[in-house]
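# Summary of the model geometry
Letter by letter, the chains look like this.
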2 protein chains.
Amino acid sequence: MSYQSESLIAQAREAREALGVSQRVLGERAGLTQSHISQIESGKMEPGLSSFIDMTRALDLELMLVPKKLVPGVLGLVKAQATPDMHIHAAQSNDKRFARAERMIKKMKHLYGSSADLDRIEETVRFLRRVNLGDQEMRLVRELIARLERSQASEQAAAVVRDIAQNLRRLRNSITHRVSPEPRPAYSLDDGDDDA
Amino acid sequence: MSYQSESLIAQAREAREALGVSQRVLGERAGLTQSHISQIESGKMEPGLSSFIDMTRALDLELMLVPKKLVPGVLGLVKAQATPDMHIHAAQSNDKRFARAERMIKKMKHLYGSSADLDRIEETVRFLRRVNLGDQEMRLVRELIARLERSQASEQAAAVVRDIAQNLRRLRNSITHRVSPEPRPAYSLDDGDDDA
DNA sequence: ACTTGCGATATATAATTCTGTATCAAGGAT
DNA sequence: ATCCTTGATACAGAATTATATATCGCAAGT
């Protein structure tokens, strides 16, 4: 998948997860197969414009063409509209996202051997999971995790892993300077291994 | 082309024409071939999401996912931003659009024989060309013309032509009741045949 | 332990996109 | 009349999407 579309695709996935809709259910609504949706969301395939529109309309989202200089304004409009219950769902799927990322990193270490970068990524992901992240921060994290996932089949995996590690650390540092980390609600502390 | 994407594609074409950019020039900017762009714009092909993003970014437009209920608000934002010189360009390409539509309708009558619907479409298009149309009205006209163009290769051509004729007449009636028609500036009266 | 649902992946196949290149009719400028 | 540019169309071939179906490892619930 090219960089052009991956942000839109990531947003579509976030919206689906935020709505608590599975790929199978979305497929039924959109007239697409679950495997098709999985390949689109995971970056294994570039969808056609119509397929993507089908997907996103089934999530009550509309693709719009916006003049580039109006993009920040539109983003502001969209952000102001996000509902609280959507945040709750989003937080839940965020935690699942972190859990899956930790599992994926373990698997990568197992398959390709450990490395300083992977260790750093693993530790930073564990830290970020406990911190309350803003939407922008969470979006960045998700994009980095998605890139890590796709890097496995990439030739420049090492370089990409390095870049992801640096970005995650930069984010962590900015958070550390913004506010001291506050633990998540107790019900989410039980998730995953966080003994360290 | 499916109905899902045709509105977006029509908007991209309008933007390109409004900017006075040819398909060849756009192709160079976007990394696509002129024939590819022509097939996309004319509805002969469903583009991939990335190809479409390439196209539209080269026109300083960004594809955004917007919650359905925010679409009117975003449309309002976009409309408020349109610059006067863009309107002038748009008016110019509108007139060219009308001219092309009139030629196409003549060709259709020649190829498939005349019909009451085609006659009505031809006459209504000639009328609408002289009237100052609002953006929404002009958008509707363009979509209808595009549908007419595509209907030629369609099995339900007659039904589509009928539907287009009715829509154009409905638009004309709403305009007639809104304001008495005012002729266009003299410099555009010379275009095309409007003796009838 | 078992069941269910999840997302990811595999396979085969048909359909379509995408690219490169060429050509054409039409319109505008000279 | 000629030249140039335009958008549309054609063709061949490579690459990719899209569909159908199945299967898998994993997580959660019972």
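Residues numbered from 1 in each chain as written. Chains lettered and ligands numbered in written order. Predicted model: local features only at pLDDT ≥ 70, side-chain atom pairs only at ≥ 80, totals over all residues. Heavy atoms only, no water.

Looking up chain A in an unreviewed UniProt entry gives the name Helix-turn-helix transcriptional regulator, with the organism given as Rhizobium tropici.

## Notes on the relation of the copies chain B and chain A
The condition is simple: Here the copies were fitted onto each other by least squares, based on C-alpha atoms from residues at pLDDT of at least 70 in both. It only takes one pair of heavy atoms within 4.5 Å for two residues to be counted as in contact.
Screw-axis analysis of chain B against chain A gives a translation of 0.0 Å along the axis, an RMSD of 0.2 Å, and a rotation angle of 179°. The symmetry that links the two subunits is that of a two-fold axis. Most of the interface of chain B is mirrored in chain A: 100% of its interface residues are interface residues there too.

## Brief notes about the pattern of salt bridges
Stated precisely, the cut-off is as follows: Between Lys or Arg on one side and Asp or Glu on the other, a salt bridge is scored when a side-chain nitrogen of the former is within 4 Å of a carboxyl oxygen of the latter. Numbering of helices and strands starts at the N terminus; helices are DSSP runs of H or I of at least 4 residues and strands are runs of E of at least 2. Between buried and exposed lies partly exposed: a residue is buried under 20% and exposed over 50% of the maximum accessible area for its type, with that area taken using a 1.4 Å probe on protein chains only.
A full pass over the atoms with the stated rule returns eleven salt bridges over all chains. Across the salt bridge formed by E17 of chain A and R13 of chain A, the nearest N and O atoms sit 3.4 Å from each other. In this pair, E17 of chain A and R13 of chain A both sit in helix α1 (residues 3–18), four residues apart, roughly one turn of the helix. Under the relative-accessibility criterion, R13 of chain A is labelled buried at 13%. In this structure, the salt-bridge partner of R16 of chain B is E17 of chain B, at a minimum N-O distance of 4.0 Å. We note that R16 of chain B, like E17 of chain B, is buried. By sharing partners, the salt bridges in this structure join R13, R16, E17 and E41 of chain A into a single network.

## As for the protein's contact with DNA strand D
Our working rule: Nearness of a residue to a molecule or strand requires only that one of the residue's heavy atoms be within 4 Å of it. Within 3.5 Å is the distance limit for a polar contact, defined as a pair of N or O atoms, with the added protein rule that one can donate a hydrogen and the other accept it, and that residues adjacent in sequence qualify only through two side-chain atoms. All amino acids are sorted into three groups, where Ala, Val, Leu, Ile, Met, Phe, Trp, Tyr, Cys and Pro are nonpolar, Asp, Glu, Lys and Arg are charged, and the leftover types, Gly among them, are polar.
Close contacts around DNA strand D come from 19 residues, with E46 and R103 of chain A together with R13, R16 and Q23 of chain B the closest. Contact between DNA strand D and G48 of chain A: a phosphate oxygen at 2.8 Å from a main-chain N or O atom of the residue. One of the backbone nitrogen or oxygen atoms of Q23 of chain B is found 2.7 Å away from a phosphate oxygen of DNA strand D. Taken together, the elements giving at least two residues each to the surface near DNA strand D come down to α3 (34–41) of chain A together with α1 (3–18), α2 (23–30) and α3 (34–41) of chain B. Tallying contributions element by element places α3 of chain B first for the surface near DNA strand D, with three residues. Considering only residue class, the surface near DNA strand D consists of three nonpolar, ten polar and six charged.

## Digging into the protein's contact with DNA strand C
Around DNA strand C there are 20 residues in total, and R16, Q23 and K44 of chain A together with E46 and R103 of chain B lie nearest to it. In this structure, a phosphate oxygen belonging to DNA strand C sits 2.5 Å away from a main-chain N or O atom of E46 of chain B. Interatomic distance of 2.9 Å between a side-chain N/O atom of S51 of chain B and a phosphate oxygen of DNA strand C. Broken down by element, the residue count for the surface near DNA strand C peaks at three residues, all from α3 of chain A. Taken together, the residues that form the surface near DNA strand C break down as three nonpolar, ten polar and seven charged.

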